Number of protein chains: 2
Amino acid sequence: MALELQKDGEPLYLSVYRYYKDLILQGKLPAGSKMPSLRKCSGELHLSRTTIENAYLQLAADGFIISKAQSGYYVTGITGKPAVPQNREKAAEVNYIYDLSSSGVDRESFRFDLWQRYIKSALRQNDRLLSYGEPQGEYELRETLAQYIRERRNIHCTAEDIVVGAGVQSLLHILCPLLKDYTTVSFPTPSFVHGSAVFSDYGFDVHYRDKDCGIIFVSPAHMTKWGEIMPISRRLELIRHASHRGSLIIEDDFENEFVYLQKPTPSIYSLAGGQGVVYIGSFSRLLLPSIRISFMVLPRQLREAYLQRAALYNQTASKAEQIALCQFIRDGHLAAQTRRLRRLYAAKMKLLTEAAAQIFGAKAKIKVGSAGTTMALTVPTRYSGEALKNAAAAHGLKIQVLSESEGALTLLLSCSSMPSDDFIPALTLLKNIVTVQTLSEL
Amino acid sequence: MALELQKDGEPLYLSVYRYYKDLILQGKLPAGSKMPSLRKCSGELHLSRTTIENAYLQLAADGFIISKAQSGYYVTGITGKPAVPQNREKAAEVNYIYDLSSSGVDRESFRFDLWQRYIKSALRQNDRLLSYGEPQGEYELRETLAQYIRERRNIHCTAEDIVVGAGVQSLLHILCPLLKDYTTVSFPTPSFVHGSAVFSDYGFDVHYRDKDCGIIFVSPAHMTKWGEIMPISRRLELIRHASHRGSLIIEDDFENEFVYLQKPTPSIYSLAGGQGVVYIGSFSRLLLPSIRISFMVLPRQLREAYLQRAALYNQTASKAEQIALCQFIRDGHLAAQTRRLRRLYAAKMKLLTEAAAQIFGAKAKIKVGSAGTTMALTVPTRYSGEALKNAAAAHGLKIQVLSESEGALTLLLSCSSMPSDDFIPALTLLKNIVTVQTLSEL
């Protein structure tokens, strides 16, 4: 086995990495072939097992090989594409066995056949599809949304108050130019970059947890990543404070449908009687993340300003999907889907937290709120967040790191898209990865 | 007939308008019933025929009644909705018999069955639809677009250079924050408000036809509303000037597919070798306006800046429609549809201009470019633009006014969505409306 090592003083494992990468790209190690075992490879190359293992981990992180439990590493089929960053991520994604990080939708929960029927029916409305959509969103959909949130969130508004867009960002692009009276905006945490980036692009000063800002952006049913919700007393306090200071509240009612452990808390919009609150609703967690339809309810104070500028904006959401969603809601399927998902996720969250408690034991800390599809797990480890992510990826496990501290990492574990049967094996694998590293450090 | 007139000194015709509007809204004049003739009504109310006619025109403009040729006015079915501006527009739209203003797509040209098949196939890719889309757009679609514009517009780029979004505005929302080095932008005319509004929202100074701006936005295949295109010499001159001054060109290649009278002119992007030019392409005129998918090709200078911010933006275009479009293009249907539309619109433009020349004769002026689906018609009239629009609307005819001058109006007549058989009757009706008014002025 000929192998040039330490070219230009680069780490040994990178030379091993490049050697195998070339063999794979040249097709000399075709897709599906088994990589030599660590022991064998280490013996042949006269290198330490750690060096070989690091090379394999990097190959796996880049998607060239994949680890199969109890069996070893195998070559994947993803050769030939240029290794630019977004591709690497993409290639790697394809090969994950377990994804504890995904906020996608449970595959069993969504009735594709039903949605397909509504899309087909929408596509038969040839005449409507031949023209551009209404800038504000299809009128019938807005009427239907108004009724839906009146019944479920006690929000009293009309179709005229509702603006539809392809996701929350598209709505913020319409909203921000209406808010020239304000200069500062507060977000609960720096994590919602898709929101704060838009405000920052429009020249707003972005603060965090600063209730004295002109605009207060909150997601009251998703206060923390692990599903804590804002209690009604704090909602009322926020309304009083904002009203006193003349601030505007933007209420992103994300995941209000997934409040399990108590009755849904009233929306801030309804508590404020629609004064000084923009209400935002979405469907990505209820239907499919790939359906890009969100909506906002404008308070009286912004309606006139919007109307004057409404003609400046094209509608971004697909007209066919708007028509389909409208009829889907009218026929009661959204309500049924919400009930189904709430039941499903409540059960899955219980299973996931139980599995985590059982597998990680007393040394780990678990945080769960009363909503959402995600828990936080703090484990003692010497890994950095990035290193644990890479090590997990090499074993086909995708994880999300929330925070790092001395000797511990906090991970976010999502139950939504993973089948419950995978919780135990996925968490066992995670435990093993964390433990091996912890042992090797001793 | 009891009728309160001149309440608070309002014009008589508005009292008549309100009287009938109330009768209609209360259901006392149900949908389909015939309105009294102008003569009869004028006799009964002891008011001039002009007053009655103005009231009827307003009722028609608001969608409460509609004029049927040789027969009189009839009550429409659109009662009960609040009369806010966007609804009025909407209600009125429903009742147009002829629409000379629409830039929609010819109903016969689009193969709905074919598109439905591709959407259905996309909707069967359950697993892909369960996750959020790539922020930059589906990779396969970007690859396919790169190949498509390489073959057709001589644009050499890779999938990595392409960003997909739900319409041009969505792309500008991503682009503007990357252009902090510039402060001024030039548009060809004030008419593309959907573009200039975005730049203005981001704090750019918007100029018109000012080649010394930092950013030059051009639609070279759509220089005027009536389809003039930018000759190659001016494209080269623009590139030289921009390169000399360090300006950025944004090339919206809108309607480059509809250049009939000559070979398509090379894109500015290709002439500049991709240096200092952002290329924008769309499908709303080729497929369906309701499909919201556009894309931009970033020049090298902006690629790095985009990559650093790419994760901040969610994709706005429907994932199912992206998957469908990708396969639709790969199977050659977009190219076939483009050929079909170019033939169709070339024939329709010829018919429309001939019909206009024949009906309006020597007193009217016609302007037609070598591309697009719209001609400009200047007719002598004493109508204001708004008054002619209202009068035409009252006869079920929708028109678009480009400009007004002393004793003349310039209208934009679009051939795209109207069947060719309607050209003669629609233009005859338009001629009659213009003539009646001109006569009554004598």
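Residues numbered from 1 in each chain as written. Chains lettered and ligands numbered in written order. Predicted model: local features only at pLDDT ≥ 70, side-chain atom pairs only at ≥ 80, totals over all residues. Heavy atoms only, no water.

## Some remarks on the sheet that holds strand S6 (residues 205-208) of chain B
Residues and elements named next belong to chain B. Read from one edge to the other, the open sheet built from seven strands follows the order S4-S10-S9-S8-S7-S5-S6, with strand pairing classed as mixed. Of all strands in the sheet, those with a lone pairing partner are strand S4 (162-165) and S6, marking the two edges. Neighbour-to-neighbour, the strand axes of this sheet turn through a mean angle of 20 degrees, independent of strand direction. Of the strand pairs in this sheet, strand S5 (residues 184-187) and strand S7 (residues 215-218) are connected by two bridges, and their pairing is parallel. Considered in S7, the bridge of Val185 is made with Ile215. (Pairing = 2+ DSSP bridges. Helix = DSSP H or I, 4+ residues; strand = E, 2+ residues; numbered from the N terminus. Axes fitted to C-alpha atoms, helices over the stretch in contact; angles between N-to-C directions.)

## Section: the sheet that holds strand S15 (residues 408-414) of chain A
Residue and element names in this part refer to chain A. Read across the sheet, four strands follow the order S11-S12-S15-S14 without closing on themselves; strand pairing throughout is antiparallel. A single partner strand is all that each edge strand has here, and the edge strands are strand S11 (365-367) and strand S14 (400-405). Taking the axes of each pair of neighbouring strands and ignoring which way they run, one obtains an average angle of 20 degrees across the sheet. Judged from the five bridges that link them, S14 and S15 form a sheet pairing that is antiparallel. By the bridge assignment for S15, Glu404 is matched with Leu409. Packed on one face of the sheet, helix H14 (residues 333-360) meets S11, strand S12 (374-380) and S15 and runs near 5 degrees to S12. Helix H15 (residues 385-394) rests against S14 and S15 of the sheet, and its axis sits at about 145 degrees to S14. (Contact = heavy atoms within 4.5 Å.)

## What to know about the packing of helix H7 (residues 139-153) of chain A against helix H13 (residues 319-330) of chain A
All names here are of chain A. Running from N to C, H7 and H13 cross one another at 35 degrees; their axes reach a closest spacing of 9 Å. As for the relative orientation of H7 and H13, their crossing is left-handed in sense. Listed contacts from H13 to Glu140, Leu141, Glu143, Thr144, Leu145 and Tyr148 of H7 are Gln322, Leu325, Cys326, Ile329 and Arg330. (Left-handed = near helix turned anticlockwise from the far one by under 90°.)

## Description of the environment of Leu172(A)
Residues and elements named next belong to chain A. Relative to the helices and strands, Leu172 resides in helix H8 (residues 168-175). Leu172 sits in the buried class, given a relative accessible area of 0%. Taking the C-alpha atoms as reference points, Leu172 and Ser247, 75 residues apart in sequence, are found 17 Å from one another. In contact with Leu172, not counting residues within four places along its chain, are Pro177, Gly195, Val198, Phe199, Phe217 and Ile280. (Buried < 20%, exposed > 50% of the residue type's maximum accessible area, 1.4 Å probe, protein only.)

## Remarks on the confidence of the model for chain A
Residue and element names in this part refer to chain A. Averaged over every residue, the pLDDT of chain A is 85; residues scoring 70 or more account for 89%. In the model, residues 1-5 has pLDDT below 50 throughout and makes 13 contacts with residues more than four positions away in sequence or in other chains. Note that pLDDT drops below 50 for residues 79-94; the model gives that stretch 24 contacts with residues more than four away or on any other chain. Model confidence for the complex is summarised by a pTM of 0.74, with the ipTM given as 0.71. (pLDDT = per-residue confidence, 0-100.)

## Focus: the pattern of salt bridges
Taken as a whole, this structure holds 22 salt bridges over all chains when the rule is applied. Across the pair Glu134(A) and Arg142(A) runs a salt bridge whose closest N-O atoms are separated by 3.2 Å. By the burial criterion, Glu134(A) is buried, and Arg142(A) matches it. Linking Asp113(B) and Arg111(B) is a salt bridge whose minimum nitrogen-to-oxygen distance equals 3.6 Å. A relative accessible area of 36% means that Arg111(B) is categorised as partly exposed. When salt bridges with common partners are traced through the structure, they connect Arg128(A), Glu138(A) and Glu140(A) into a single cluster. (Salt bridge = Lys/Arg side-chain N within 4 Å of Asp/Glu carboxyl O.)

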